[in-house]
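Residue strings, one per chain:
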Amino acid sequence: MNSLEESSYLVRIRCNQCGERFTLKGREKKGRVETGFNQCLCDNLMDFEIVSEKL
């Protein structure tokens, strides 16, 4: 892995509907941080507070 191509991130996701929190590791690909996260346990698909920091 070349560190210039992909960077690791710590991603904190909070659901704005039920308050559930998730902490995931992600990688930057094509200008976006990808974690594989799809939806909250309460079936929320869109309403999240997302904070990421580079590792």
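Below you will find a few notes about this structure.

Calculation notes
- Residues numbered from 1 in each chain as written.
- Predicted model: local features only at pLDDT ≥ 70, side-chain atom pairs only at ≥ 80, totals over all residues.
- Heavy atoms only, no water.
- Salt bridge = Lys/Arg side-chain N within 4 Å of Asp/Glu carboxyl O.
- Helix = DSSP H or I, 4+ residues; strand = E, 2+ residues; numbered from the N terminus.
- Buried < 20%, exposed > 50% of the residue type's maximum accessible area, 1.4 Å probe, protein only.
- Disulfide = S-S within 2.5 Å.

**What to know about the pattern of salt bridges**
- Applying the stated criterion across every chain yields a total of one salt bridge.
- Here arginine 12 and glutamate 53 are joined by a salt bridge, their closest N and O atoms 3.1 Å apart. In this pair, arginine 12 sits in strand β1 (residues 8-15) while glutamate 53 sits in strand β4 (residues 48-54), placing the two residues 41 residues apart along the sequence.
- Owing to a relative accessible area of 39%, glutamate 53 belongs among the partly exposed residues under this scheme.

**Looking at the state of the cysteines**
- Scanning all chains against the criterion turns up zero disulfides.
- The thiol of cysteine 15 is unpaired, and the distance to the nearest cysteine sulfur, on cysteine 42, comes to 3.8 Å.
- Cysteine 18 takes part in no disulfide bond, and the closest cysteine sulfur, belonging to cysteine 40, lies 3.6 Å away.
- On the basis of relative accessible area, cysteine 18 is assigned to the partly exposed category, the value being 43%.

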